[in-house]
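Summary of the model geometry
One letter stands for each residue in the lines below.
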Protein chains: 2
Amino acid sequence: MHVLELTKPDGRSLTLYAREPIGEVGEAPSPFRDPLGRSPHLRRHPLRDEWITYAAYRQDRTFLPPPEYNPLAVTTDPEAPTELPVGAWDVAVFDNRFPSLSLGADEVPASVVDTAPGIGKCEVVVFTQDRLSSLGRLPLSHVELLLQVWADRTARLAARDDIAYVLPFENRGAEVGVTLHHPHGQIYAYPSVPPVPARMQQVAEAYHARTGRGVLQDHIAKELDDGARIVYRGEHAVAFVPAAARYPYEVWVATIEPVATFCDLDDAQRADLARALKTVLMKYDALWDRPFPYLMAWYQAPVDGRPHPESHLHAEFYPPYRTRDRLKYLAGTELAAGWFAMDALPEDKARELQQIDVDIDA
Amino acid sequence: MHVLELTKPDGRSLTLYAREPIGEVGEAPSPFRDPLGRSPHLRRHPLRDEWITYAAYRQDRTFLPPPEYNPLAVTTDPEAPTELPVGAWDVAVFDNRFPSLSLGADEVPASVVDTAPGIGKCEVVVFTQDRLSSLGRLPLSHVELLLQVWADRTARLAARDDIAYVLPFENRGAEVGVTLHHPHGQIYAYPSVPPVPARMQQVAEAYHARTGRGVLQDHIAKELDDGARIVYRGEHAVAFVPAAARYPYEVWVATIEPVATFCDLDDAQRADLARALKTVLMKYDALWDRPFPYLMAWYQAPVDGRPHPESHLHAEFYPPYRTRDRLKYLAGTELAAGWFAMDALPEDKARELQQIDVDIDA
């Protein structure tokens with residue numbers, strides 16, 4: 001992996017990654033001239049005891065791009081700079097201009113609830129220079145590079161005392177609110193472990209203390225043994241519709257043996273995880289012969305410097321469609337109670353995905 | 001409150017409620033002839049340790065109504081029965097034909113995860129006979145009746161050993177997935193306390209043990225003292241945008257002093273709570289001069305027969321719009337991490353609602 005670190009004129013960082021040497025690139029561009037302005041802050045929800053972050057940036061937003069402007073394209077016209085320079089890079093990571101969390105956050109407004117500065121980091125991860133491509137259409141070596149990029153970002157963020165959790169994710173499709181269709185994801189680095197991974201850590205730690213095994217490790221063993229919901233089965237990695245899926249077409253992608261974070265993947269695991277990931281993405285897009293929308297989230301261990309034998313790196317995909325034409329809305333029971341209701345069985349959705357043949361080496 | 005209990009030809013229950021005596025009504029109709037079929041089941045999520053319910057009913061669904069058919073209208077043509085009879089009723093409650101949870105559930109399929117029968121109850125609550133009305137447009141005495149209906153349903157469900165939690169809610173608007181626009185809500189009765197109220201109970205119990213006070217009680221006192229986010233202030237009830245709102249235009253409606261469930265409201269509290277509720281709903285609809293979509297959820301104490309001095313009945317409204325034209329999508333950080341990010345300050349959204357004058361006695 002080749003890496004080049006740059007700084008944008010407004011102070012934000014940009015890191016370029018490539019499989020081959022990167023060579024010459026121009027200055028790091030930015031559509032914005034001014035340094036970052038107001039900083040986000042946190043407020044604690046009194047009834048749920050969790051943080052919410054407030055970033056009232058939009059009022060400050062003076063930049064109104066034309067509709068065809070793509071900030072994730074490379075800059076070809078210096079009069080209309082984008083976020084990225086021309087050059088032989090494959091993946092790029094830069095600081096979000098309108099972050100929900102910021103390492104420089106120092107505002108702590110008074111409130112009737114507890115408040116804190118919105119410490120953290122929001123990064124944009126550009127998967128490719130090709131705006132018409134997608135994560136699943138990239139060559140396997142490029143997907144493997146992305147897994148290395150996520151490891152590099154995790155390691156850099158883990159080195160800081162003020163970061164507790166690193167979550168790479170991708171929102172894909174207008175159905176989940178995406179307006180910028182150039183293939184990209186995001187990384188959120190949080191100052192404390194957020195509610196969902198905190199809950200998963202609690203469950204995993206209790207299971208590990210009781211059994212000496214990983215809860216996902218044992219679940220994967222059962223899924224492999226059963227076989228009914230397996231979508232990809234490799235030597236080191238697996239993809240499946242989980243038996244307790246909360247979304248139609250929900251899929252988990254994981255190493256078979258527990259690996260705490262992206263940084264702990266060995267080469268063989270990383271290569272097979274890339275194959276599992278690409279297989280799922282190709283099946284998704286082939287299912288209805290159109291780009292398949294989803295939220296993809298990668299869960300890993302908290303970055304607190306302690307060993308996490310209970311943690312198990314994996315992706316969870318949450319697609320918004322119940323069928324080709326019908327969205328699954330999260331409503332009363334899901335959002336208000338946290339109790340998910342499904343009218344599709346995981347076995348049936350898995351069968352649909354199993355029946356699709358894809359050639360990931362093509 | 002006048003109450004009339006009926007049974008539908010397919011075995012489902014129907015209860016009619018009214019402010020005045022109900023008098024004669026016809027047979028309880030049903031669009032369906034056959035008794036209820038397959039029963040829902042639960043599977044336990046191995047990583048989150050929570051139940052998901054599966055109800056694969058749609059395959060059995062043979063009834064295909066024409067687009068103009070309104071199952072919540074009263075039956076005027078015996079050849080095209082709806083869910084409701086002609087008669088002098090104000091509010092009606094009947095068993096959902098396609099429930100996610102059912103008192104008769106007895107299927108427990110084998111799985112690689114823990115499974116259980118999907119015990120519980122899903123009720124439809126029809127707010128009025130007028131399909132063009134809405135909860136906020138009903139007279140105050142009708143809104144008060146609905147609060148009594150929710151109390152009656154809570155009491156009936158609480159009497160059962162197999163019900164642990166009762167959640168009345170309303171999904172309103174196509175934006176939250178509603179296809180049937182006749183004013184109605186739902187009640188879900190769960191066999192165990194669902195994740196979100198369980199978390200809130202945990203926080204409230206710890207707070208009460210430490211301070212002898214209610215966490216929402218103290219929060220309301222601070223909101224009233226601050227005043228910046230108050231939307232309605234009465235003698236017994238209050239409505240406000242909470243200082244730690246997770247949604248734009250989020251509002252909570254509550255009694256000022258803690259009341260554990262709908263059953264514990266006294267007459268003065270119920271009357272003022274109806275005023276608070278109607279005020280919020282009228283302001284919402286007036287904000288953009290169009291029906292305002294939302295999820296409204298009513299949290300109350302678990303129905304386990306024990307006293308719950310830590311619990312505090314209240315509604316939370318989650319609107320899907322950030323501004324008049326822009327939806328707030330729940331994406332990576334909200335759904336995957338459970339860490340909400342807001343670009344609007346609660347104070348600003350509260351001011352918008354405060355500036356709208358409504359006359360609830362008109």
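In this text the structure is predicted, and so the values were computed from the model without any measurement.

Observations regarding the overall build of chain A
- Secondary structure assignment for chain A yields six helices and 15 strands.
- Taken over the C-alpha trace, chain A has a radius of gyration of 21 Å; the compact-globule value for 362 residues is 21 Å, and the two agree within 12%.
- Along the first, second and third principal axes, the C-alpha atoms of chain A reach 55 × 55 × 40 Å.
- For chain A, the proportion of its 362 residues judged to be buried stands at 52%.
- A fraction of 67% describes how many contacts in chain A between residues 6 or more apart in sequence connect residues 24 or more apart.

So, the interface of chain B and chain A
- Counting from both sides, the interface comprises 63 residues of chain B and, opposite them, 63 residues of chain A.
- Per-class residue counts for the side of chain B that touches chain A are 40 nonpolar, eleven polar and twelve charged.
- Pairing between strand β4 (residues 51-54) of chain A and strand β15 (residues 340-342) of chain B: three bridges, direction parallel. Note on β15(B): the bridge partner recorded for Tyr54(A) is Met342(B).

What to know about the domain arrangement of chain A
Residue and element names in this part refer to chain A.
- Split by domain assignment, chain A resolves into domain 1 (2-194) and domain 2 (196-354).
- Of note, the centres of domain 1 and domain 2, computed from C-alpha atoms alone, are 24 Å apart.
- Counting residues at the interface gives 28 residues for domain 1 and 31 residues for domain 2.
- Sorting the residues of the side of domain 1 that touches domain 2 by element identifies α1 (140-158) and β8 (165-172) as the ones contributing at least two each.
- Broken down by class, the residue content of the side of domain 1 that touches domain 2 amounts to 19 nonpolar, five polar and four charged.

Things to note about the sheet that holds strand β4 (residues 51-54) of chain B
- Taking strand neighbours across the sheet as the criterion, the four strands line up as β15(A)-β4(B)-β3(B)-β6(B) in an open arrangement whose pairing is mixed. One side of each edge strand has no neighbouring strand; the edge strands of this open sheet are β15 (340-342) of chain A together with β6 (115-117) of chain B. Adjacent strand axes in the sheet meet at a mean angle of 30 degrees, parallel and antiparallel pairs treated alike.
- Here three bridges tie strand β3 (residues 41-44) of chain B to β6(B), and the two strands are oriented antiparallel to one another. Across the sheet, residue His41(B) finds its bridge partner in β6(B), namely Pro117(B).

Thoughts on the packing of α1(A) against helix α4 (residues 267-287) of chain A
All names here are of chain A.
- Orientation of α1 relative to α4, taken along the N-to-C sense of each, is 115 degrees, at an axis distance of 9 Å. The angle between α1 and α4 falls in the class roughly perpendicular. In this structure, α1 meets α4 at a crossing whose hand is right-handed. On α4, the residues touching Leu140, Val143, Glu144 and Leu147 of α1 are Arg270, Ala271, Leu273, Ala274, Arg275, Leu277 and Lys278.

Digging into the nonpolar core
- In terms of nonpolar packing, the biggest core is built from 217 residues, with Val280(A) and Val280(B) touching the most fellow members.
- Ignoring sequence-local partners within four residues, the contact set of Val280(B) consists of Val231(B), Tyr232(B), Ala239(B), Val251(B), Val253(B) and Phe317(B).

Here's the deal with the sheet that holds strand β3 (residues 41-44) of chain A
- Spatial ordering of the open sheet is given by β6(A)-β3(A)-β4(A)-β15(B), a layout of four strands whose pairing is mixed. Since the sheet does not close on itself, it has two edges, and those belong to β6 (115-117) of chain A together with β15 of chain B, each with one partner. With strand direction ignored, the average angle separating the axes of adjacent strands in the sheet is 30 degrees.

What about the relation of the copies chain B and chain A?
- Under the fitted operation, chain B is carried onto chain A by 0.0 Å of movement along the axis and a turn of 180 degrees, and the coordinates agree to an RMSD of 0.0 Å. The transformation relating the two chain copies, once decomposed into turn and shift, fits a two-fold axis.
- A share of 100% of interface residues in chain B that are also interface residues in chain A marks the association as one of identical surfaces.

Structural notes on the pairing of strand β10 (residues 230-233) of chain A
- Of the pairings in the sheet, the one linking β10(A) to strand β11 (residues 237-240) of chain A comprises three bridges and is antiparallel in character. Paired with Ile230(A) across the two strands is Phe240(A), which belongs to β11(A).

Here's the deal with the environment of Arg44(A)
- Mapping Arg44(A) onto the fold places it in strand β3.
- The sequence separation of Arg44(A) and Pro309(A) amounts to 265 residues, and the corresponding C-alpha distance is 30 Å.
- Excluding residues that lie within four positions of it along the chain, Arg44(A) makes contacts with Asp49(A), Trp51(A), Val113(A), Asp114(A) and Ala244(B).

Some thoughts on unusual backbone geometry
Residue and element names in this part refer to chain A.
- The phi angle at aspartate 49 is positive, at roughly 55 degrees, despite the residue not being glycine.
- Topologically, aspartate 49 is positioned in the loop between β3 and β4.
- Positive phi values are uncommon outside glycine, yet tyrosine 249 reaches one of about 65 degrees.
- With respect to the helices, strands and loops of the structure, tyrosine 249 is situated in the loop between β11 and β12 (251-255).
- Classification of tyrosine 249 as buried rests on a count of 26 C-beta atoms within 10 Å.

Concerning helix α2 (residues 195-211) of chain B
- If you check α2(B), its first and last C-alpha atoms are 24 Å apart, about what 17 residues at 1.5 Å a residue would give, namely 24 Å.
- Taken together, the buried positions of α2(B) are Val196(B), Pro197(B), Met200(B), Ala204(B) and Tyr207(B). All buried residues of α2(B) lie within an arc of 90 degrees about the axis, which places them on one face of the element. Seen from the buried face of α2(B), the exposed residues on the opposite side, beyond 90 degrees, are Ala209(B) and Arg210(B).
- Looking at the buried side of α2(B), the elements it contacts are α5 (332-337) of chain A together with β8 (165-172), α3 (215-226) and β13 (294-299) of chain B.

Parameters at a glance
Residues numbered from 1 in each chain as written. Chains lettered and ligands numbered in written order. Predicted model: local features only at pLDDT ≥ 70, side-chain atom pairs only at ≥ 80, totals over all residues. Helix = DSSP H or I, 4+ residues; strand = E, 2+ residues; numbered from the N terminus. Rg over C-alpha atoms; globule rule 2.2 N^0.38 Å. Buried ≥ 20, exposed ≤ 12 C-beta atoms within 10 Å, placed from the backbone. Contact = placed C-beta atoms within 7 Å. Nonpolar A, V, L, I, M, F, W, Y, C, P; charged D, E, K, R; others polar. Pairing = 2+ DSSP bridges. Domains from an automatic or database assignment. Axes fitted to C-alpha atoms, helices over the stretch in contact; angles between N-to-C directions. Parallel < 35°, antiparallel > 145°, perpendicular 65-115°, else oblique. Left-handed = near helix turned anticlockwise from the far one by under 90°. Core = buried A, V, L, I, M, F, W, Y, C linked by C-beta atoms within 7 Å. Least-squares fit on C-alpha atoms with pLDDT ≥ 70 in both. Expected span 1.5 Å × (residues − 1). Arc of directions from axis to C-beta.

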